[in-house]
Amino acid sequence: MIQDKAFWYTYEINTEGELTELLAELDGLSQQSEKTLLFRGQHEADWMITSTFYRHFSKVFKLPEITTFKELLLYLDESTENNDYSVIHDKMILEFADYCTKELGLIVNLPKEKDKLDANFYLSLAQHYGLPTNLIDLTKSPYVALFFAFDYKDDMKHNSDYVCLFQTNTIKWVDTINKLVLNGQYFVDESDNELRELASEYNFSSKNVEFPELRDPCFEHNLRIRNQQGCVYFNSDAVPYDVLMYRMKERCSLNERRIKINRNLKPFVMDYLKGKGITHDFIYPKSELDRWKEALEKKTSSLIEEYKNQ
């Protein structure tokens, strides 16, 4: 049954012994010379991984609400095709970038093409200052992901007794899908439609799920992103990241997994992370971009109101 697939790569950590084994495994992964695994931590185990733009604008576009795994089946039965979804997103980001360059003089060009702005930088900057984007934040560090999973106030109310650590291999997807689709017979451009279909089979009504480009942000402009070893995944359609993870797990037998960790283990985890130098001050350092903080946050708020009311 499709419903079972939402949980087929999930397992639970409930004891210090189980957690110690997991941490030893993560240590090994962190020491690998070629790091293709990416991680994400969330302090509610049953949350789907969705972009901030999806969370802000799903009601505007009357898209199916998907916030938990229990709602996944409803999503699979609904169409998410809406041409305005990406159009509105891109218009809002363009207006943000225009404000940065013309009003603040914040101009960052592509390293190899000095006459073009680095769109990746402005997307990351927008995300950093709270503007809803189709970026999904990931990290190369399992320790950083663990920190985010447990980074909540102890008196906060929760819907689940577990936090969640996601492990995914997005970079490997490219190689695997190309081998499956190309099979030595096609040129890359000829396989584009087949690649997209492979990546979107869980959304049977939509064929416009683009496999996003994965790039490191401009670390020299943002100390926080650098310390967090951040990566971004651009999801152009209204598709939760989990949906692609399920599909790739079934198709490619990759290291896609969802690890639920009991909240009672928070003291153990935070002590362990402190020993690794992963503290609040490290994760949230003061950034040289903070001199634009007031202006950008004001612009962000006005853009959200403007586009939500269109």
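For clarity, every value in this text was computed on a predicted model and none was experimentally measured.

## Overview of the packing of helix α2 (residues 16-30) against helix α7 (residues 142-150)
Moving on, step 1. Where α2 meets α7, the closest approach of the two axes is 10 Å, and the angle between their N-to-C directions is 135 degrees. When the axes of α2 and α7 are compared, the pair comes out oblique. Contact residues: α2 offers L23, L26, D27 and S30, while α7 offers P142, Y143 and L146.
Moving on, step 2. In terms of residue class, the contact of α2 with α7 is made up of five nonpolar, one polar and one charged.

## Focus: the pattern of salt bridges
A pair can form between side chains of opposite charge whenever their charged atoms are brought close.
Moving on, step 1. Counted according to the given criterion, the structure contains nine salt bridges.
Moving on, step 2. Its salt-bridge partner being K266, residue D154 comes within 2.9 Å of it at the nearest N-O pair. Linking D154 in the loop between α7 and β4 (162-168) with K266 in helix α12 (residues 266-275), this pair joins segments that are 112 residues apart in sequence.

## Here's the deal with the nonpolar core
Moving on, step 1. By size, the foremost hydrophobic cluster in this structure holds 28 residues, and its most contacted members are F53, M92, F96, C100, L125, L131 and L296.
Moving on, step 2. Listing elements by their share of this core, those giving two or more residues are α3 (52-57), α5 (83-102), α6 (119-128) and α14 (293-308).
Moving on, step 3. Broken down by element, the residue count for this core peaks at eight residues, all from α5.
Moving on, step 4. Setting aside its immediate chain neighbours within four residues, M92 contacts F53, F57, L131, P132, L303 and Y307.
Moving on, step 5. With 26 residues, the next largest nonpolar core counts L29, V144, A145 and L165 among its residues.

## Let's talk about the confidence of the model for the protein chain
Moving on, step 1. Looking at the protein chain as a whole, its pLDDT mean stands at 75, while 66% of the residues score no less than 70.
Moving on, step 2. Taken element by element, the protein chain is modelled with least confidence in helix α1 (residues 2-5), mean pLDDT 40, and with most confidence in α12, mean pLDDT 96.
Moving on, step 3. Within the model, the stretch residues 1-6 combines pLDDT values under 50 with eleven contacts to residues more than four positions away or in other chains.
Moving on, step 4. The low-confidence segment residues 197-214, where pLDDT is below 50, has 57 contacts with residues more than four positions distant or belonging to other chains.

## Here we look at the pairing of strand β6 (residues 230-234)
Moving on, step 1. Counting buried positions over the five residues of β6 gives four, a clear majority of the element.
Moving on, step 2. With five bridges connecting them, strand β3 (residues 135-139) and β6 associate as antiparallel partners. Across the sheet, residue T139 finds its bridge partner in β6, namely G230.

## A look at the packing of aromatic side chains
Moving on, step 1. Counted according to the given criterion, the structure contains five aromatic pairs.
Moving on, step 2. A ring pair is formed by F147 and F148, whose centres lie 6.1 Å apart and whose planes are at 75 degrees; its orientation type is edge-to-face.
Moving on, step 3. By relative accessible area, F148 is classed as partly exposed at 25%.
Moving on, step 4. Taken together, the ring pairs in this structure connect F147, F148 and Y284 into an aromatic cluster.
Moving on, step 5. The ring of Y152 has K266 sitting right over it, with the charged end atom 4.1 Å from the ring centre.

## Regarding the environment of T50
Moving on, step 1. On the secondary structure map, T50 appears in the loop between β2 (38-42) and α3.
Moving on, step 2. Note: C-alpha distance between T50 and P240 (190 residues apart in sequence) is 4.8 Å.

Rules used throughout
- In this numbering scheme, every chain counts its residues from 1 along its sequence in written order.
- The predicted nature of this model means local features are confined to residues of pLDDT at least 70 and side-chain atom pairs, given and counted, to a pLDDT of 80 or more, with totals for whole chains, interfaces and linings taken over all residues.
- To obtain the side-chain values, all non-hydrogen atoms of the structure were included, while hydrogens and water were left out.
- Orientation is described by lines fitted to C-alpha atoms, with helices fitted over the stretch in contact, and by angles between N-to-C directions that extend from 0 to 180 degrees.
- Note on conventions: DSSP H or I runs of at least 4 residues are helices, E runs of at least 2 residues are strands, and numbering of each starts at the N terminus.
- Between 65 and 115 degrees an angle is taken as roughly perpendicular, under 35 as roughly parallel, over 145 as roughly antiparallel, and anywhere else as oblique.
- For this analysis, residues touch if any pair of their heavy atoms sits within 4.5 Å.
- Residues are grouped as follows: nonpolar covers Ala, Val, Leu, Ile, Met, Phe, Trp, Tyr, Cys and Pro; charged covers Asp, Glu, Lys and Arg; every other residue, Gly included, is treated as polar.
- A side-chain nitrogen of Lys or Arg and a carboxyl oxygen of Asp or Glu constitute a salt bridge if their distance falls within 4 Å.
- Take the buried residues of types Ala, Val, Leu, Ile, Met, Phe, Trp, Tyr and Cys, join any two whose side-chain atoms come within 4.5 Å, and each joined set is a nonpolar core.
- Exposure classes here rest on a 1.4 Å probe applied to the protein chains alone. A residue is buried below 20% of its type maximum, exposed above 50%, and partly exposed in between.
- The predictor rates its confidence in each residue with pLDDT, a number between 0 and 100.
- By definition, two strands form a pair when at least two bridges between them are found by DSSP.
- Pairing of aromatic side chains requires ring centres within 6.5 Å, counting the rings of Phe and Tyr and the six-membered ring of Trp. Pairs whose planes differ by under 30 degrees are stacked, by over 60 edge-to-face, and all others tilted.
- Only when the NZ atom of a Lys or the CZ atom of an Arg is both within 6 Å of the ring centre and within 35 degrees of the ring normal do we say a charge sits over the ring.

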